Amino acid sequence: MRTTTRQDITGPLPEGLGQAIRGTADDIAALLRGVRDTAVPVPGSQWTVGEAAAHLALANELMAGLAAGHERPYGDGTPQSLAGANERSLADFTERRAEPLAAMITEQAEAFLDAMARPAAEGTDGTPTTPLGPMSRDVLASYLLTHMLGHGYDLARALGRPHMIDRTRVGLCMPFMRAVMPRVADASATAGLTARYTIRLRGGETFGVSLADGTVRVTAGPPDGSDCTILIEPTAFLLVALGRRDPWRAIARGQIVAWGRRPWLAPRFPALFEAP
């Protein structure tokens with residue numbers, strides 16, 4: 001077994017984000033190690049465990065390349081183009097065994113952190129162009145964590161194991177979630193809607209989402225004249241936002257509570273966005 005020296009990543013990353021990326025990759029690898037049958041289907045997905053793990057390995061490698069300053073075109077940001085890019089990459093990359101994929105997931109997460117610890121490549125502005133558009137390096141790191149948590153949750157469900165999402169990790173996903181919301185808004189769902197939402201993560205941050213004239217604006221803190229306040233448990237927020245949990249199920253469990261002068265807007269909120 002090859003031994004690697006792991007450094008604590010500080011530098012450009014917000015406190016705890018590097019450790020969360022590394023820890024999540026390790027948790028996913030621990031799920032996979034020892035799995036013999038990777039043809040097990042992932043609930044709610046067309047992928048098997050082997051395909052989901054291969055996608056994670058490839059995505060971590062893609063993110064590591066972006067962090068290192070390489071241009072890596074991957075769709076045009078729309079769900080359809082990203083799905084097509086995913087399928088093409090899986091067709092070209094045929095590894096489906098659990099152990100090699102577990103190793104690749106952790107190794108590429110580490111490569112990402114190593115790249116993030118170095119200054120931006122000469123001749124670049126330090127803003128990688130990702131599958132969801134240009135992002136700062138901090139937001140890119142939050143993107144990587146969010147992506148791993150979503151698919152890590154899928155793998156945990158498929159294998160009947162506990163997932164690795166917790167309040168702290170969800171908080172570290174929020175820079176990406178806030179940044180991407182205007183980019184993944186569903187034009188047909190937001191058309192003609194004027195509304196101001198206050199989103200409060202239980203025990204965490206509060207931010208605002210304002211919609212008018214088909215545009216979406218995300219702000220730190222509640223918007224002026226908020227129409228609807230949604231209080232949501234952090235893990236439920238991430239799972240609903242990523243399309244992994246039905247919002248009505250979360251409401252029934254008491255994980256989502258809403259109030260305000262237009263509280264009926266709350267159930268509509270998740271449908272305003274397409275899961276990234």
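Refer to the structure printed above.
Report follows, based on the coordinates.

Conventions we followed
Residues numbered from 1 in each chain as written. Predicted model: local features only at pLDDT ≥ 70, side-chain atom pairs only at ≥ 80, totals over all residues. Heavy atoms only, no water. Helix = DSSP H or I, 4+ residues; strand = E, 2+ residues; numbered from the N terminus. Rg over C-alpha atoms; globule rule 2.2 N^0.38 Å. Buried < 20%, exposed > 50% of the residue type's maximum accessible area, 1.4 Å probe, protein only. Contact = heavy atoms within 4.5 Å. Areas by Shrake-Rupley, 256 points an atom, 1.4 Å probe, with all protein chains shown as cover. Lys, Arg positive; Asp, Glu negative; His and termini not counted. Charge placed at Lys NZ, Arg CZ, Asp CG, Glu CD. Expected span 1.5 Å × (residues − 1). Arc of directions from axis to C-beta. Pairing = 2+ DSSP bridges. Axes fitted to C-alpha atoms, helices over the stretch in contact; angles between N-to-C directions.

Things to note about the overall build of the chain
Now for step 1: The helix and strand inventory of the chain stands at nine helices and seven strands.
Now for step 2: A compact globule built from 276 residues should have a C-alpha radius of gyration of about 19 Å, and the chain, at 19 Å, falls within 12% of that.
Now for step 3: Overall size of the chain, expressed as C-alpha extent along the three principal axes, is 60 × 45 × 35 Å.
Now for step 4: The buried share of the chain, taken over its 276 residues, is 50%.
Now for step 5: Contacts in the chain between residues at least 24 apart in sequence constitute 73% of all its contacts with a sequence separation of at least 6.
Now for step 6: Summed over all atoms, the accessible surface of the chain reaches about 13,100 Å², with 51% contributed by carbon and sulfur.
Now for step 7: Between the averaged position of the 28 positive side-chain charges in the chain and that of its 29 negative side-chain charges there is a distance of 6 Å.

Details of helix H3 (residues 79-92)
Now for step 1: The end-to-end C-alpha distance of H3 is 20 Å, a good match for the 20 Å that 14 residues give at a rise of 1.5 Å each.
Now for step 2: Within H3, the full set of buried residues consists of Ser-81, Leu-82, Ala-85, Asn-86, Ser-89 and Leu-90. Seen end-on, H3 carries its buried residues on one side only, within an arc spanning 165°. Away from its buried face by more than 90 degrees, H3 exposes Gln-80, Arg-88 and Ala-91.

What to know about the sheet that holds strand E7 (residues 256-259)
Now for step 1: Across the sheet, which stays open at both edges, the five strands sit in the order E5-E4-E3-E6-E7 with mixed pairing between neighbours. Edge positions in the sheet fall to strand E5 (215-220) and E7, since each of these pairs with one other strand and no more. Strand-to-strand twist across the sheet, computed as the mean angle between neighbouring axes with direction ignored, equals 20°.
Now for step 2: Two elements, strand E4 (residues 206-212) and E5, share five bridges in a ladder whose sense is antiparallel. When the sheet's bridge partners are listed, Leu-211 is paired in E5 with Val-216.

Things to note about helix H5 (residues 137-159)
Now for step 1: If you check H5, its first and last C-alpha atoms are 33 Å apart, about what 23 residues at 1.5 Å a residue would give, namely 33 Å.
Now for step 2: A large share of H5 lies buried, amounting to 20 of its 23 residues.
Now for step 3: Note on H5: the residue one or two positions beyond its end, Gly-160, has a positive phi of about 70°.

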